[in-house]
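Okay, here's what each chain looks like letter by letter:
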Amino acid sequence: MRVYHSSVLKVEKPLISYSRDFLDFGKGFYVTTILSQAEKYAERFKFREKDAWLNIFEFDYDVHQWNVIKFGIIYFNLV
């Protein structure tokens, strides 16, 4: 599975110890499978005149090995 992580740093090995304490779902290394989402997030760093790195990782997904929170997409038709 290919996942993406936007950062101000080139990440060669993800380490949770560098994560901030009070993120949305706790400490962790946050990734997405949606390339456009990662690119958009990287633009936020560039807007603040910081370096922007799009880190791409490949890993074998084993539901028993990883603590993963997966979100589905819900569409609403607002009339």
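Our subject is the structure listed above.
This one's a predicted model, so the numbers in the text were calculated from it and none came from an experiment.

Caption draft 1: Geometry of the packing of aromatic side chains. Within this structure, the stated rule accounts for 2 aromatic pairs. Ring centres 5.7 Å apart and planes at 80° place the aromatic pair F29 and F57 in the edge-to-face group. Highlighted residues: F29 in the loop between β1 (2–7) and α1 (35–47) and F57 in strand β2 (residues 53–58), separated in sequence by 28 residues. On the basis of relative accessibility, which here comes to 26%, the residue F29 falls in the partly exposed class. F57 sits in the buried class, given a relative accessible area of 15%. On the numbers, 5.5 Å between centres and 85° between planes, the contact of Y41 with F45 is edge-to-face.

Caption draft 2: Quick peek at the pairing of β1. Where burial is concerned, most of β1 is hidden: 5 out of the 6 residues are buried. Bridge count for β1 against β2 is 6 bridges, and the pairing is antiparallel. The partner of H5 across the bridge, within β2, is N55.

Caption draft 3: Representation of the pattern of salt bridges. Per the stated rule, a full pass over the model turns up 2 salt bridges. A salt bridge links E58 to R2, with the nearest nitrogen and oxygen atoms 2.6 Å apart. In this pair, E58 is assigned in strand β2 and R2 in strand β1, connecting sequence segments 56 residues apart. Judged by relative accessible area, E58 falls into the exposed class, the value being 52%. For R2, a relative accessible area of 45% gives the class partly exposed. Across the pair E43 and K46 runs a salt bridge whose closest N-O atoms are separated by 3.4 Å. Placement of the pair is E43 and K46 together in helix α1, with a separation of 3 residues, close to one helical turn.

Caption draft 4: Just a nonpolar patch on the surface, in detail. A contiguous nonpolar surface patch, about 410 Å² in accessible area, is contributed by M1, Y61, W66 and V68. By the element assignment, V68 lies in the segment after β2.

Caption draft 5: Spotlight on the environment of A52. Positionally, A52 belongs in the loop between α1 and β2. Sequence separation of A52 and K10 is 42 residues, and the distance between their C-alpha atoms is 8.5 Å. Setting aside residues up to four positions removed in sequence, A52 forms contacts with S7, A42, F45 and K46.

Thresholds applied
Residues numbered from 1 in each chain as written. Predicted model: local features only at pLDDT ≥ 70, side-chain atom pairs only at ≥ 80, totals over all residues. Heavy atoms only, no water. Phe/Tyr/Trp six-rings, centres within 6.5 Å; stacked < 30°, edge-to-face > 60°. Helix = DSSP H or I, 4+ residues; strand = E, 2+ residues; numbered from the N terminus. Buried < 20%, exposed > 50% of the residue type's maximum accessible area, 1.4 Å probe, protein only. Pairing = 2+ DSSP bridges. Salt bridge = Lys/Arg side-chain N within 4 Å of Asp/Glu carboxyl O. Patch = residues over 30% accessible without salt bridge, like charges linked within 9 Å, V, L, I, M, F, W, Y side chains within 5 Å. Areas by Shrake-Rupley, 256 points an atom, 1.4 Å probe, with all protein chains shown as cover. Contact = heavy atoms within 4.5 Å.

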